[in-house]
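Observations on chain architecture
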Amino acid sequence: MPNRTALGGTLVLGGGFAGGYVARLLGKRGATIVSPENFMLYTPILPEAASGTLEPRHVVVPLRMMCPHAELLLGRAVALDTHRRTVHVEADEELVDVAYDDLVVALGAVARTLPIPGLAEHGLGFKSLADAIQLRNHVLRRLDVAEAAAAAAHRRRELTFVFVGAGYAGVEALAELSDLVRDALRYYPTLQSEPQHWVLVDAAPRILPEIPTRLGEYAQRQLTGRGVDIRVSTTLEEAGPGYVRLSDGDRILTHTLVWTAGVRANPQLERFGLPLDERGRVRVDSTLRVEGFEHMWALGDGARVPNDATPEHPDPPTSQHALRQARRLAKNLQGEPRPYRYRMLGQVATLGRYKGIADVMGIRLRGFPGWFVTRTYHLYQLPLLSRKLRVVTDWTTSLFFRRDIAELSMLGHPQPLKDE
């Protein structure tokens, strides 16, 4: 017999953008969320947490606050019994069986890596809040190491930063962190005359291929004007201790390799026996129902979601689409299921302080207007008034003060107690 039954009959696997919003939009009907964390990460502003513009706590939203009528079960789904409509959840050290009437699968995506020699050992990811904090600490530590280095070659290596992946995550992370280093260098007088080398690598023929060509070209000019070395139609071939080798034959000496080259569906989906496409995403019909299952639904980055507004291709893995899918699914769970249809309003991205690009309903903005629209859009989408106010406070503070440069790699790793 199941240990418990999902609140309101709806069990949501995953507390990310898609799953969290489904539970929130179900309102007083209620739901049970299964998630390994007690918060939802608002990924569009993750680069600003990495650069110190935003406090890390302010880019996450506690699920218990975001979904006041839902219950949260901290753990991971490890098995699915479709006949008994039961999910086996590993919660701490206990296995809990949760019965459901409707199951929502929203396990999201993980970083997509390739079998490149040395990548796993020497690369840094940029998908989670922990990744962002680690990257910030790593970049600041490079400045301290460079200042202490006696040899010019050693300083150049420490001040070289390679980002692989020129989509939204890679471009925004590089732009924000280069601003962080620029702010920090005022406190490193011996490094102010040292050249920095920021490298952006992508296999595509241009950066930000998701946005209109003219905006992408503007973004490339902005980054190039700031000294960023952009290598398109180029791939990472090898990473080693203190170097990377690219497909154009160049061997770059660096201790910083950041991998932002896309995402893939959560591999945990493979254990549930659901219909998956060639990319490992759950196959669903136009109402977001899993193919072949009456009371099972899927959405978000881990699902192949057909869109009636764009029948030629499924939805891309963006927070904008995940939110719209959640709105449709919440309605389908409470009434007659209708097909999902959403035409994207536009795309936005920041390029560091006061610079951005936006394509909103055919209106294309760049520079300060693009930056302002991007921030306004993210603020609008961020749930909870308390979180909006915290983010606005951080943004306002950053207008008058430079970024904090404290390197806090010891957080989460306290020294054990010892006897005298």
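You'll find the structure just up there.
Residues numbered from 1 in each chain as written. Predicted model: local features only at pLDDT ≥ 70, side-chain atom pairs only at ≥ 80, totals over all residues. Heavy atoms only, no water.

Brief notes about the sheet that holds strand β3 (residues 32–35)
Across a sheet, strands are paired by hydrogen bonds formed along the backbone, either parallel or antiparallel in direction. Keep this limit in mind: Following DSSP output, two strands are said to pair if at least two bridges run between them. Helix numbering and strand numbering both begin at the N terminus, where a helix is a DSSP run of H or I of at least 4 residues and a strand a DSSP run of E of at least 2. Helix axes are fitted only over the stretch in contact, all axes being lines through C-alpha atoms; the angle between N-to-C directions runs from 0 to 180 degrees.
Ordered in space as β6-β3-β2-β10-β22, the 5 strands form an open sheet in which the pairing is parallel. Unpaired on one side and paired on the other, β6 (71–74) and β22 (296–298) mark the two borders of the sheet. Adjacent strand axes in the sheet meet at a mean angle of 20° when their direction is disregarded. Pairing between strand β2 (residues 10–13) and strand β10 (residues 102–105): 4 bridges, direction parallel. In the sheet register, V12 faces β10, and the bridge partner there is V104.

A word on the pairing of β2
Under the convention used in this document: Here the term buried applies to any residue with accessible area under 20% of the maximum for its type, exposed to any over 50%, and partly exposed to those in between, with areas from a 1.4 Å probe on protein chains only. The handedness of a crossover follows from its direction of travel: if, with the strands pointing away from the viewer, the path from the first strand over the helix to the second runs clockwise, the crossover is right-handed.
Burial along β2 is two-sided: T10 and V12 and L11 and L13, pointing in opposite directions, are all buried. Taken together, β2, helix α1 (residues 17–25) and β3 form a β-α-β motif whose crossover is right-handed.

Comments concerning the environment of L140
Selection rule: The criterion used for residue contact is that any of the two residues' heavy atoms lie within 4.5 Å.
Note on placement: L140 falls in helix α5 (residues 129–148). Separated by 26 residues in sequence, L140 and L114 place their C-alpha atoms 27 Å apart. Once residues within four sequence positions are removed from consideration, L140 is found in contact with L180, A184, Y188, I405, A406 and E407.

Thoughts on the environment of R403
Formally: Think of a polar contact as two N or O atoms within 3.5 Å of one another; within protein, one of them needs to be a possible hydrogen donor and the other a possible acceptor, and neighboring residues in sequence only count if both atoms come from side chains.
When you line up the elements, R403 lands in the segment after α11 (385–400). With relative accessibility at 8%, the residue R403 sits in the buried group. Taking the C-alpha atoms as reference points, R403 and D179, 224 residues apart in sequence, are found 8.8 Å from one another. Those residues within four positions of R403 in sequence are excluded, and the remaining contacts are S51, G52, T53, E176, D179, L180, D183 and R353. A distance of 3.2 Å separates a polar atom in the side chain of R403 from a polar atom in the side chain of T53. Reaching out from R403, the side chain makes a polar contact with the side chain of E176 at a distance of 3.2 Å.

Remarks on helix α10 (residues 368–381)
What counts, and what does not: To estimate how far a helix should extend, the number of its residues minus one is multiplied by 1.5 Å. Each C-beta atom gives one direction from the helix axis, and the arc is the one those directions make.
The end-to-end C-alpha separation of α10 is 20 Å, in line with the 20 Å expected for 14 residues at 1.5 Å each. Those residues of α10 that fall on the buried side of the exposure criterion are G370, W371, T374, R375, H378 and Q381. Burial along α10 is one-sided: seen end-on, the buried residues are contained in an arc of 130°.

Side note on unusual backbone geometry
Apart from glycine, the bulk of residues carry a negative phi angle, and the bulk of peptide bonds sit in the trans form. Not every positive phi belongs to a glycine, and R85 is a case in point at roughly 50°. Assignment of secondary structure puts R85 in the loop between β7 (76–81) and β8 (86–91). Residue R85 is classed as partly exposed on the basis of its relative accessible area of 30%. Backbone geometry at S233 places phi at a positive 50°, although glycine is not the residue there. Counting through the fold element by element, S233 comes out in the loop between β15 (228–231) and β16 (236–240).

Re the packing of aromatic side chains
The line we're drawing: When the centres of two rings from Phe, Tyr and Trp lie within 6.5 Å, Trp using its six-membered ring, the rings pair. Their planes under 30 degrees apart give stacked, over 60 give edge-to-face, and anything left gives tilted. Ring-over charges, as used throughout, are those where CZ of Arg or NZ of Lys falls within 6 Å of the ring centre and within 35 degrees of the ring normal.
Applying the stated criterion across every chain, the model contains 7 aromatic pairs. With centroids separated by 5.6 Å and ring planes inclined at 40°, the aromatic side chains of F17 and Y42 adopt a geometry described as tilted. With F17 in helix α1 and Y42 in the loop between β4 (39–41) and α2 (46–51), the pair connects residues that are 25 residues apart, well separated along the chain. Each of the two residues, F17 as well as Y42, counts as buried. Put simply, the rings of Y354, F368, W371 and F372 touch in pairs and so form one group of aromatic residues. For R251, the ring lying beneath its charged end belongs to Y243, and the centroid distance is 4.0 Å.

Regarding empty space enclosed by the protein
For the record, the criterion: A cavity here means a set of points on a 1 Å grid, drawn over the protein atoms and nothing else, where a 1.4 Å probe fits but cannot get out; a pocket is an open set with protein on both sides within 12 Å along at least five of seven lines, and a residue lines either one if it has an atom within 4 Å of a point. Grid points are joined across faces, edges and corners, and a volume is the space filled by probe spheres set on the points. Lys, Arg, Asp and Glu make up the charged group, whereas Ala, Val, Leu, Ile, Met, Phe, Trp, Tyr, Cys and Pro make up the nonpolar group; the residues left over, Gly among them, are polar.
In the structure shown here, the tally under the stated rule is 3 cavities of 30 Å³ or more. For the largest cavity, the calculated volume is near 110 Å³. Looking at the lining of the largest cavity, the elements that each hand over two or more residues are α10 and α11. When the residues that make up the lining of the largest cavity are grouped by side-chain class, the tally is 3 nonpolar, 4 polar and 5 charged.

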